[in-house]
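# Examination of the molecular architecture
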Amino acid sequence: MPPAFRRYVAADGFSQFGTQVTRVALPLVALLVLDAGPLELGLLGAAEMIGFLLFGLPAGVWVDRLRRKPILVTADLLRAVSLASVPIAALFDALTLAQLYAVAVIVSIGTAFFDVAHLSFLPSIVTKEQLPKGMGTLESVRSLSVLFGPGFGGWLVQVLTAPIAIVVDAVSYLISATLLATVKAEETPSGGRVSLMEGLRYVLGHPILRLIGLAGAMNMFFNGIWAIVRPLYLVDELGVSAAGYGLMISGAGAGGLLGALLASRVIDRFGHGPTMYGAAALMLPLFVLVAFTGPGWRLALYPIGMGLIFLVAVMHNVAQGSYRQAICPEALRGRMNACLRFLMWGSLPLGGVVGGLLGEVVTVHQLLWIACLGTAAAHLPFVLAPAVRKLKITDADAKQDSRA
């Protein structure tokens, strides 16, 4: 892999690690410092992803018109500054839920632009043949961050308090921005006007991309509920400490890391479609296993189940991510990624609001079952679509798309 890719991966590593710390710390700020309930946590989860709903599609237009590296650096700096305001306000005893919501919204807007540009930037650094390995490397980084970040975040919350732990994420974004600014890449932005609808038509008109988007939307909707039920059930209901909570979330990273290491080999042997199909089929019973998490020995079902889920989910992500990057023309890549991000991540804040409302009328364990069964059902489209099992990048359909 070229040196530019190594810098790109290093920047991603710092950013992902800090994000995992905040993933633990931010809801714990609301829960432990500001005494938030299910609805407030649901609104916070919605605020953390509202940027994809509001700016997901326009971000694709910007990414296809302009150079992607400056967008990445600017988004990192925006997120760093906004997160730094949380510990500063806490030091002066001025932190409120309203500020947490505002910070979450600003960070989510930065993330919407960053994620679309980040995905679209990768093919400017590596060749098409290197994409599965490149995506696998990024998933390895993400899995490592999940393995170590939440545990470290939980320890920071317990030792330094939740607001101060968020400093780690702010610093990680500053380091990421510095590294990305030094990456050299061949970029060919259009520089002129590009059509937002062209990207939508491309995604919705392609049977596999449409399937990825719609199944992803269902998945992320129930992930919005997950974001609420996880701290409520593990910390509030079962009495897990902040450090223990972080370690339990970290369990998923071990499975994700193994999945990332195996992904390119599995794809090379079976193909992109069969990998997506097999991973989706395996996730159905695994989510049911997690739903049985409870006190005593049943507490172990959560990290074990989530570790296995992440193992197959990462292989699924590498397969569908490298497939869509390979078949999409460069001029449309930003809008393609933006449309899929809009469809997938845009549904997450809706799930957060619905989960918050459900949390007011059902028990926390019932909410866990809803999240588990819903996420399992979201993977059914990959299992039920015959075209997925036969899909390969070398198919005539993929070749036609690459010449579009």
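Coordinates for the structure precede this section.
To start, this report covers the structure provided alongside it.

Parameters and conventions
The residue numbers shown here count from 1 along each chain, following its written sequence. Totals for whole chains, interfaces and linings use all residues, but because this is a predicted model, local features are given only for residues with pLDDT of at least 70 and pairs of side-chain atoms are given and counted only at 80 or more. As a rule here, side-chain values cover all heavy atoms of the structure and leave hydrogens and water aside. Each Phe, Tyr or Trp ring, with Trp reduced to its six-membered ring, pairs with another whose centre is within 6.5 Å; inter-plane angles below 30 degrees give stacked pairs, above 60 give edge-to-face pairs, and intermediate values give tilted ones. Segments assigned H or I by DSSP are reported as helices when at least four residues long, segments assigned E as strands when at least two residues long, and all are numbered from the N terminus. Each residue is placed in one exposure class: buried if its accessible area under a 1.4 Å probe, protein chains only, is under 20% of its type's maximum, exposed if it is over 50%, and partly exposed if it falls in between. We call a charge positioned above a ring when the Lys NZ or Arg CZ atom is no farther than 6 Å from the ring centre and deviates by at most 35 degrees from the ring normal. Whenever a carboxyl oxygen of Asp or Glu lies within 4 Å of a side-chain nitrogen of Lys or Arg, that contact is scored as a salt bridge. Patch membership needs two things, relative accessible area over 30% and no salt bridge, and members are linked within 9 Å if like-charged or within 5 Å if nonpolar (Val, Leu, Ile, Met, Phe, Trp, Tyr). Using a 1.4 Å probe, the Shrake-Rupley method yields the accessible areas, and only the shown protein chains count as cover for residues. The convention is simple: Lys and Arg are positive, Asp and Glu are negative, and His and the chain ends are not counted. To locate a charge, the coordinates of NZ of Lys, CZ of Arg, CG of Asp or CD of Glu are taken. The angle between two axes is taken between their N-to-C directions and runs from 0 to 180 degrees, where each axis is a line fitted to C-alpha atoms and a helix contributes only its stretch in contact. Any angle that is under 35 degrees is reported as roughly parallel, and any over 145 degrees as roughly antiparallel; angles of 65 to 115 degrees are reported as roughly perpendicular and all others as oblique. Any residue that is not Ala, Val, Leu, Ile, Met, Phe, Trp, Tyr, Cys, Pro, Asp, Glu, Lys or Arg is counted as polar, Gly included; the first ten are nonpolar and the last four charged.

All chains considered together, the criterion is met by 9 aromatic pairs. When the centroid spacing of 6.0 Å and the interplanar angle of 55° are considered together, the rings of Tyr8 and Phe121 count as tilted. One end of the pair, Tyr8, is in helix 1 (residues 3-33); the other, Phe121, is in helix 4 (residues 97-121), with 113 residues separating them in the sequence. Judged on exposure class, the residue Tyr8 and its partner Phe121 are both buried. Following the ring pairs from residue to residue traces out a cluster consisting of Phe5, Tyr8 and Phe121. Between the NZ or CZ atom of Arg79 and the centre of the ring of Phe114, over which it lies, the distance is 4.4 Å.

What follows deals with the pattern of salt bridges. Following the criterion strictly, the structure yields 1 salt bridge and no others. Between Arg79 and Asp76 there is a salt bridge; the shortest N-O distance is 2.7 Å. Of this pair, Arg79 and Asp76 both sit in helix 3 (residues 68-91), 3 residues apart, which is roughly one turn of the helix. Both residues of the pair, Arg79 and Asp76, count as buried.

With that settled, consider a negative patch on the surface. Side chains of Asp35, Glu40, Asp236, Glu237 and Glu360 sit close together on the surface and give a patch of like negative charge. Position of Glu237 relative to the elements: it lies in helix 9 (residues 207-237).

Moving on, we get to the environment of Arg67. For Arg67, the position within the fold is in the loop between helix 2 (38-65) and helix 3. Classification of Arg67 by relative accessible area gives partly exposed; the value is 42%. Between the C-alpha atom of Arg67 and that of Thr375, which follows or precedes it by 308 residues, the distance is 36 Å.

A positive phi angle is found at Asp35, which is not glycine, with a value near 55°. By the element assignment, Asp35 lies in the loop between helix 1 and helix 2. Residue classification places Asp35 among the exposed residues on the basis of a relative accessible area of 68%.

On to the side chain of His118, then. Residue placement: His118 occurs in helix 4. The class for His118 is buried, based on a relative accessible area of 8%.

On the surface, Phe14, Val167, Val171 and Ile175 cluster together into a nonpolar patch covering about 290 Å² of accessible area. Along the chain, Val171 turns up in helix 7 (residues 167-180). Assessed through its relative accessible area of 40%, Val171 is described here as partly exposed.

To continue, consider the packing of helix 5 (residues 131-160) against helix 10 (residues 242-270). Two elements in contact, helix 5 and helix 10, have axes separated by 7 Å at closest approach and are oriented at 170°. The orientation of helix 5 relative to helix 10 falls into the category roughly antiparallel. Classifying every residue of the contact of helix 5 with helix 10 by side-chain character gives 16 nonpolar, 10 polar and 1 charged.

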